[in-house]
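The residues making up each chain are set out below.
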Amino acid sequence: MILNLIDMINNKGYSALVTVFLVSTIGLILAGNMSALMIARQKIIRNVLGAAQSYYTAEAGIEDALLRVIDPAIPEQTNISLSLAGSTASTTIFQSGNNTTISSSGNKNNFFRNLQLAVTAATDGASFNYGVQIGAGGLEMKNSGRVEGNVYSDGDIIGTNSPVITGDAWVSGNHKIKGFRVDGDAHANTLQSDSIGRDAYYQTKTGTTVSGTNYPGSADPPALTMPISDTLINSWKDDALAGGIYTGNYLIENITDLGPIKIIGNLTIEGDAVVTLTGTVWVTGNIILQNNGIIQLASGYGTNDGVIIADGNITLQNNFLVCGSEGYNISSNPKVCNTANTSYVLFVSTKSGDGAIDMKNDASLNGILYAPYGGLEIENNAFLKEATAYKLEIENNTIVRYESGLVNLSFSSGPGGGWTIGQWQEIQ
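What counts, and at which threshold
Residues numbered from 1 in each chain as written. Predicted model: local features only at pLDDT ≥ 70, side-chain atom pairs only at ≥ 80, totals over all residues. Heavy atoms only, no water. Helix = DSSP H or I, 4+ residues; strand = E, 2+ residues; numbered from the N terminus. Buried < 20%, exposed > 50% of the residue type's maximum accessible area, 1.4 Å probe, protein only. Contact = heavy atoms within 4.5 Å. Areas by Shrake-Rupley, 256 points an atom, 1.4 Å probe, with all protein chains shown as cover. Disulfide = S-S within 2.5 Å. Pairing = 2+ DSSP bridges. Patch = residues over 30% accessible without salt bridge, like charges linked within 9 Å, V, L, I, M, F, W, Y side chains within 5 Å. Salt bridge = Lys/Arg side-chain N within 4 Å of Asp/Glu carboxyl O. Phe/Tyr/Trp six-rings, centres within 6.5 Å; stacked < 30°, edge-to-face > 60°. Expected span 1.5 Å × (residues − 1). Arc of directions from axis to C-beta. Core = buried A, V, L, I, M, F, W, Y, C linked by side-chain atoms within 4.5 Å.

Chemist: I'd love a proper account of the overall build of the chain, names of residues and values included.
Modeler: When helices and strands are tallied, the chain shows two helices and 41 strands. Here the chain holds 428 residues, and 43% of them are scored as buried. Of the contacts formed within the chain by residues at least 6 apart in sequence, a portion of 43% connects residues at least 24 apart. Accessible surface for the chain amounts to roughly 20,000 Å². Of this, 53% is attributable to carbon and sulfur atoms.

Chemist: Now, about unusual backbone geometry: what can you tell me, with residues and values included?
Modeler: With the exception of glycine, most residues fall at negative phi, and the peptide bonds are largely trans. Residues G259 and P260 are joined by a peptide bond in cis, for which omega reads -5°. With an omega of 5°, the peptide bond between N333 and P334 qualifies as cis. Summarising the element assignment, P334 is placed in the loop between β32 (321–323) and β33 (345–349). Of note, S193 is a non-glycine position whose phi angle comes to about 55°, a positive value. If you trace the backbone, S193 turns up in the loop between β15 (190–192) and β16 (195–196). On the accessibility criterion, S193 (44% relative accessible area) is partly exposed. For N380, which is not glycine, the phi torsion reads 55° and is therefore positive. For N380, a relative accessible area of 24% puts it in the partly exposed group.

Chemist: Outline the state of the cysteines, listing residues and values.
Modeler: For the structure shown, the criterion picks out one disulfide. Each sulfur in the disulfide pair C323 and C337 lies 2.1 Å from the other. Where C323 bonds to C337 through sulfur, the torsion about that S-S bond is close to -95°, and the disulfide is left-handed. Note that C323 is positioned in strand β32 and C337 in the loop between β32 and β33, a separation of 14 residues in sequence. Judged by its relative accessible area of 0%, C323 is buried. What makes C337 partly exposed here is its relative accessible area of 22%.

Chemist: A description of the pairing of strand β25 (residues 267–270) should follow, citing residues and the corresponding values.
Modeler: Neither face of β25 is open: one carries L267 and I269, the other T268 and E270, and all of them are buried. In this sheet, strand β28 (residues 287–290) lies alongside β25 in parallel orientation, the contact comprising four bridges. Paired with L267 across the two strands is I287, which belongs to β28.

Chemist: Any chance you could break down a nonpolar patch on the surface for me, citing the residues and the numbers?
Modeler: A contiguous nonpolar patch, built from L241, I245 and I264 and spanning about 240 Å² of accessible area, is present on the exposed surface. By the element assignment, L241 lies in helix α2 (residues 230–241). What makes L241 partly exposed here is its relative accessible area of 36%.

Chemist: An account of the packing of aromatic side chains is needed here, citing residue identities and associated values.
Modeler: A full pass over the atoms with the stated rule returns five aromatic pairs. With a centroid separation of 4.6 Å and an interplanar angle of 5°, the aromatic rings of Y201 and Y215 are classed as stacked. Of this pair, Y201 sits in strand β17 (residues 200–202) while Y215 sits in strand β20 (residues 214–216); the two residues are 14 residues apart in sequence, bridging distant segments of the chain. Judged by its relative accessible area of 23%, Y201 is partly exposed. Plain terms: the ring middles of Y246 and Y250 are 4.6 Å apart, the flat faces sit at 45° to each other, and that makes the pair tilted.

Chemist: I'd love a proper account of α2, names of residues and values included.
Modeler: Spanning 12 residues, α2 covers 16 Å between terminal C-alpha atoms, matching the ideal 16 Å at 1.5 Å per step. Those residues of α2 that sit buried are L232, I233, W236, K237 and A240. An end-on view of α2 places all buried positions within 150° of arc, on one side of the element.

Chemist: How would you explain the nonpolar core if you had to name every residue and give the values?
Modeler: Counting 61 residues, the largest nonpolar core has L316 and F347 as the members making the most contacts within it. Counting residues in each nonpolar core, the second largest holds 14 residues, with I228, L232, A240 and W282 among its members.

Chemist: Can you explain the pairing of strand β38 (residues 386–395)? Please cite residues and give values.
Modeler: Counted residue by residue, β38 has seven buried out of 10 residues, so it is predominantly covered. Alignment of strand β6 (residues 132–142) against β38, held across eight bridges, turns out to be parallel. Bridge pairing links L139 to L392 in β38. Across nine bridges, the pairing between strand β36 (residues 367–379) and β38 is parallel. Across the sheet, residue G375 finds its bridge partner in β38, namely K391.

Chemist: Explain the pattern of salt bridges residue by residue, including any values.
Modeler: Following the criterion strictly, the structure yields eight salt bridges and no others. Of the charged contacts, one joins E148 and R401 as a salt bridge, the two residues approaching to 2.6 Å between their closest N and O atoms. Residue E148 is located in strand β7 (residues 146–148), and its partner R401 is located in strand β39 (residues 399–401); the two are separated by 253 residues in the primary sequence. E148 sits in the partly exposed class, given a relative accessible area of 21%. D183 is the partner of R181 in a salt bridge, and the nearest nitrogen-oxygen pair spans 2.9 Å. With a relative accessible area of 28%, D183 lands in the partly exposed category. Among the charged side chains, a salt-bridge network with shared partners connects R146, E148 and R401.

Dropping the structure here:
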């Protein structure tokens, strides 16, 4: 009996041991599975957090680069590195004309996310199809004045002492071309004492030689509208106003940035002044640019064009130099613009009557003079790209040299002006 009791105890002990072993094994298996699950979950969380942090760091890089693109006060860079809470972003800025692409790669513990943003500078377009365009006030040229390009006038074109138009000349309505050498075609109701290099289209011709074909009885050319509307000019004034107001006469004789700004008074730039235009300028009074001063567009304009507006008259004289975003050659003497990049400065005078704009005495303008309601006078070895006015006088060895890029101009309110945000997306 005692032996039977011992056997029972031994069997129960064995069963207990087996039970403990099984329970422990199952517990270890469950604990292992739970540990593996926790490790996997922690890895997933770490991956998610790393990917998310690299994404937001890349986005921060995009935003930092975008601010550098649109704000002219921040130094320009094409490659930017950014560190944020243990993650980094490498950002690249690529500009092509009005379009800018920003690419940013975020990295957190070798988890990479790549973003890209496309932005476009908002611009206002205008076209200058002729080297010189004149309203009903007509064109007077004398003393070896020269237009290298085409001319279109709604009034008479009158020349004295060997003026030259190297392209075609057009006169609308019942008006005439008198005393000119026109190297291209001539279109006018009346041709008088001219030398025409190619064909002539007219109603009346006297004292004129034609190297090409005569087309008597040709219809008079139609009148043209001015290339820039008042609505567009007013929108440029709004751009200037958005930058703030300065009240009083504004004198600049040093190195400074200017714009966007509205000046209630006169603006004078002279002497050793080097003014970098960073936005549209609107002056309610007169603008005087003289005595070796310089205006250049900020490099951020790229191939866009800048605007300066006066409600009064504009005077450019005495070796004053105006350059586009290419800037000027600081080592040259006298100062000259660097190689042009199809970026221009447009000067607008809204003044009516004579004396809206006067350019003279070796002033040089990589840009355009525009006086739709007033008279424009260019003289004494002045040089510019295009002139448009109600009435125009060109004399004393002045050259207007037209460039084809003036057909499609994009005027910007400045490097920090309007921008259109395009695709903001993640890329592989």
